[in-house]
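Observations on the model geometry
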Amino acid sequence: MSKKYYWKMNGHLYEVSEEQYKKYKKEYDRSRTLEKQRKEMVILSFDALDTDEYTGESIFADPNIDIENEVVENIMHEKLNRALTQLSEEEIFLIEQLYYLNQSERKLAEILKLSQNAIHKRKHKILMRLKEILEKW
């Protein structure tokens, strides 16, 4: 004896297949969950967050930040970091010393026992290589 499935629609019970029953039950459960979530949801405006010191909008939005500029800058940083991975260890060392640690060409030349002119030429060569890599992307 196979199990029978019934579904109530418009005040009447209808016999349905097991597949139909599972489908209806899934839809019914989903609609109940959504309704429950809708009832629990609280909608606040920025005005509801106002205090004597701040407005609700000022808590979330910083008018001094240019979002578009921030995004472009982040993309460029990411591209530069990927381009740096294509350099040799010596080249990366030179870039780190000059740009990240703000070492002068003269001081770096003393450390490496090279001329300042040699450091400058190497830096220029590395920068041109980075420019080529970045232009490809």
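The shown structure was predicted, so the numbers you read here are calculated from the model rather than taken from an experiment.

Two packed helices can be described by the angle between their axes and the distance between those axes. One way to put it is that helix α5 (residues 105-112) packs onto helix α6 (residues 116-136) with a least axis distance of 8 Å and a crossing angle of 110 degrees. As judged from the angle between their axes, α5 and α6 are roughly perpendicular. Together, E105, R106, L108, A109 and L112 of α5 and Q116, I119, H120 and K123 of α6 make up the contact between the two elements. Counted by class, the contact of α5 with α6 contains 4 nonpolar, 2 polar and 3 charged residues.

It is worth spelling out the pattern of salt bridges at this point. Here the structure, examined in full by the defined rule, presents 5 salt bridges. The partner of D29 in a salt bridge is K25, and the shortest N-O contact between them spans 3.0 Å. Remark: K25 and D29 occur in helix α1 (residues 18-40); sequence separation between them is 4 residues, near one turn of the helix. Taking the relative accessible area as the measure of exposure, D29 reaches 31% and is therefore partly exposed. According to the relative accessible area criterion, K25 is partly exposed, its value standing at 33%. A salt bridge links E105 to K123, with the shortest nitrogen-to-oxygen separation between them at 2.7 Å. A residue pair is termed long-range when its members are at least 10 positions apart, and E105 in helix α5 and K123 in helix α6 qualify at 18 residues. Residue E105 shares its accessibility class with K123, and that shared class is buried.

In this section: the environment of I75. Summarising the element assignment, I75 is placed in helix α3 (residues 67-84). Taking the C-alpha atoms as reference, I75 lies 31 Å from F46; in sequence the two are 29 residues apart.

With that settled, the discussion passes to α5. All buried positions along α5 are accounted for by E105, L108 and A109. Summarising the axial view, the buried residues of α5 lie within an arc of 105 degrees, below the 170-degree limit, and thus occupy one face. Exposed residues pointing more than 90 degrees away from the buried face of α5 are listed as R106 and E110. Elements that come into contact with the buried residues of α5 comprise α4 (89-100) and α6. Looking one or two residues past α5, K113 carries a phi angle of roughly 60 degrees, positive in sign.

Let us now look at the pairing of strand β2 (residues 12-16). Looking along a regular strand, one sees the side chains alternate between the two faces of the sheet. Taken together, the 5 bridges between strand β1 (residues 5-9) and β2 define a ladder with antiparallel strand orientation. Paired with Y5 across the two strands is V16, which belongs to β2.

Parameters at a glance
Residues numbered from 1 in each chain as written. Predicted model: local features only at pLDDT ≥ 70, side-chain atom pairs only at ≥ 80, totals over all residues. Heavy atoms only, no water. Axes fitted to C-alpha atoms, helices over the stretch in contact; angles between N-to-C directions. Helix = DSSP H or I, 4+ residues; strand = E, 2+ residues; numbered from the N terminus. Parallel < 35°, antiparallel > 145°, perpendicular 65-115°, else oblique. Contact = heavy atoms within 4.5 Å. Nonpolar A, V, L, I, M, F, W, Y, C, P; charged D, E, K, R; others polar. Salt bridge = Lys/Arg side-chain N within 4 Å of Asp/Glu carboxyl O. Buried < 20%, exposed > 50% of the residue type's maximum accessible area, 1.4 Å probe, protein only. Arc of directions from axis to C-beta. Pairing = 2+ DSSP bridges.

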